[in-house]
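# Examining the three-dimensional arrangement
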Amino acid sequence: EEAVTHRDGTVRQLMTRKRRLVSADGTVHLFGSSTDISELKAREALLQQSLRENEVFRSLIDNLPVAIYAKKADLKLIYVNKGWCDLTGFDHDFALGKTDVDIFGKDGEQFAEADRVVLRSGEMREFEETLTAPDGSVRYQVARKGAFVASDGTHYVIGSSVDVTEQKQREADLLEAQRRAVIA
């Protein structure tokens, strides 16, 4: 590869192949061909920039203290961030390709129904969700879900969930304290 300045002053990237040919009389000749790869190089540079941006966005999303996920229209997870793994206790590799029903059983049915509502409406919606842990404790979360259509026409559910269990517990404690204050 080499840079060559064109007559009009533009610099073009060329892929040049050169060979040496020795004639029967011992004369050395040089022959070759050049292909203009400027557009290819420009597309490579754009691709590299896009890859860097994707790395930044993925790092940003993975480091948010919120569960973020994406599902195809069949409701199978195609992306979960670290926050999702922390919230659910499930590994990234375990989750991908599964539905919420596969992962959470009966509790996952409410998540799947909310996903279907969002896919049908095409609107961003907020849902309060509950999930029973294997130890019997109940976790409350607020999920924001929306429909997304990619440039190729593929439909996705994209969403985020925040654990609000502690807030719910504080609300319950406050109500209990108020009830006791009225009785006293």
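The structure contained in this document is the topic of the report that follows. Note that the structure is a prediction, hence the values are computed from the model and not measured.

About the thresholds
Residues numbered from 1 in each chain as written. Predicted model: local features only at pLDDT ≥ 70, side-chain atom pairs only at ≥ 80, totals over all residues. Heavy atoms only, no water. Pairing = 2+ DSSP bridges. Helix = DSSP H or I, 4+ residues; strand = E, 2+ residues; numbered from the N terminus. Salt bridge = Lys/Arg side-chain N within 4 Å of Asp/Glu carboxyl O. Buried < 20%, exposed > 50% of the residue type's maximum accessible area, 1.4 Å probe, protein only. Patch = residues over 30% accessible without salt bridge, like charges linked within 9 Å, V, L, I, M, F, W, Y side chains within 5 Å. Areas by Shrake-Rupley, 256 points an atom, 1.4 Å probe, with all protein chains shown as cover.

Before going further, it helps to examine the pairing of strand β3 (residues 28–36). The pairing of strand β2 (residues 11–22) with β3 spans 9 bridges and is antiparallel. Paired with Leu-21 across the bridge in β3 is His-29. Linking β2 back to β3 in an antiparallel pair, the connection comprises 5 residues, with Gly-26 at a positive phi of about 90 degrees.

Going through the model one piece at a time under the given rule, you end up with 16 salt bridges. Residue Lys-41 is joined to Glu-1 by a salt bridge in which the shortest nitrogen-to-oxygen separation is 2.8 Å. Residue Lys-41 is located in helix α1 (residues 38–62), and its partner Glu-1 is located in the segment before β1 (2–5); the two are separated by 40 residues in the primary sequence. When its relative accessible area of 24% is taken as the criterion, Lys-41 is described as partly exposed. Take Glu-1: its relative accessible area is 57%, and that puts it in the exposed class.

This part takes up a nonpolar patch on the surface. A surface patch of nonpolar side chains, about 380 Å² in accessible area, is lined by Val-56, Phe-57, Leu-60 and Leu-64. Within the fold, Val-56 resides in helix α1. In this structure Val-56 comes out as exposed when scored by relative accessible area, which is 54%.

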